[in-house]
Amino acid sequence: GKEDTLPSKFGRYTLVEKLATGGMAEVFKAKMLSAHGFEKQLVIKRILPHLAADRNFVSMFIDEAKLTAQLVHTKIVQVSDFGEVAGQYYIALEYVEGFDALALLRTSAQRQVRIPLPVSIFIVMEVLDALDYAHNASDHTGKTMRLVHRDISPSNVFISRRGDVKLGDFGIAHAQERESKTQAGTLKGKYGYMSPEQVVGAPLDGRSDLFAIGIVLAEMLMGRRLFTAPTDLDVLLMVRDGRLERLDKYCKDIPAELEHIVRKSLKKRVGDRYQSAGEFRDALGDLLFRAGLRVNSRDLAQIATDYF
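Criteria and cut-off values
Once a new chain begins, its residue numbering starts again from 1 and follows that chain's sequence as written. Only residues with pLDDT of 70 or above have their local features reported here, since the model is predicted, and side-chain atom pairs are shown and tallied only from 80 upward, although totals for entire chains, interfaces and linings are computed over all residues. The side-chain figures draw on all heavy atoms in the structure; neither hydrogens nor water molecules are used. Secondary structure elements follow DSSP: runs of H or I of four or more residues count as helices, runs of E of two or more count as strands, with numbering from the N terminus. In what follows, residue pairs with any heavy atoms lying within 4.5 Å of each other are defined as contacts. The criterion for an aromatic pair is that two Phe, Tyr or Trp rings (for Trp, the six-membered ring) have centres within 6.5 Å, with stacked assigned to planes under 30 degrees apart, edge-to-face to planes over 60 apart and tilted to the rest. Buried residues are those whose accessible area, probed at 1.4 Å on protein chains only, stays under 20% of the maximum for their type, while exposed residues exceed 50% and partly exposed ones sit between those limits. Over a ring means this: the NZ of a Lys or the CZ of an Arg is within 6 Å of the ring centre and within 35 degrees of the ring normal.

### Description of the environment of Met145
Relative to the helices and strands, Met145 is located in the loop between helix H4 (117-135) and strand E8 (157-160). It is 13 Å that separates the C-alpha atoms of Met145 and Ala65, two residues lying 80 residues apart in sequence. Contacts of Met145, omitting those with residues within four sequence positions, involve Leu67, Gln70, Leu71, Ala137, Ser138 and Asp139.

### Digging into the packing of aromatic side chains
Per the stated rule, a full pass over the model turns up 9 aromatic pairs. Taking the centre distance of 5.6 Å and the plane angle of 75° together, the rings of Tyr13 and Tyr90 count as edge-to-face. Remark: Tyr90 occurs in strand E6 (residues 88-94) and Tyr13 occurs in strand E2 (residues 13-21); sequence separation between them is 77 residues. Across this residue pair, the class does not change: Tyr13 and Tyr90 are buried. Taken together, Phe57, Phe61, Phe82 and Tyr89 form an aromatic cluster joined through their ring pairs. Geometry around Tyr250 places Arg224 over its ring, the cationic atom sitting 3.8 Å from the centre.

Here is the structure:
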């Protein structure tokens, strides 16, 4: 159909390139054209047609978009617009010129090099900054929103060529999770980044996100997946029971203090983990300080240049 011919007009946007199709939306790189040759790049996330017909889902998507638009932080991908074009609902997001942490992990694996420890720590600290803000954010009435990201994985951690780290897909995951109860297979591939309480369907708070970013940290340190098994069910059971054999096997050479931090973030019992993103971030910061290491976005930008 005409869908496939890009660039194509979509309301006041021009869709330039399809970036991905997920369980609930297609994602496009787009630009907005205005008077006097003003042009801005952004990302358009458009609800898939079969979901756009589901009133329930659309109202959830709208609620989430409203929430997410209230999160204003340099380390969170910003929502700039929300609307519909001929019955197709979309959300417009900041475009991060760069790559995601999944690409970073894959490239380092292909080149058989480890991501430098301080850089891995830096990336996770930046995400924890974003979570510290989001977990404590209040809405325009001043009420705490009690947001939980629910979908932290390497493909949601964006890294710009300048070395900025931004957490994407905030709040959208909530709609996706509720939707997946009717839409089988929506969460496929995400099992390896869930928390034990998510797997069993228990109520979630911000500490679930801390487990998930703990997985990302472990994977950057090991250079391989933490929870992986032949079937989805095996992965789910591995996560549910908090089994860390792969960490035991592949983390032999990381500093003991860092290993302690990683293991604490991956405790099966919620009460045994870090209790806030700030606490987790500061534990990593103290480690860098004691080791006399200083890392910033320039170091990450250098890695970006080397890898990509």
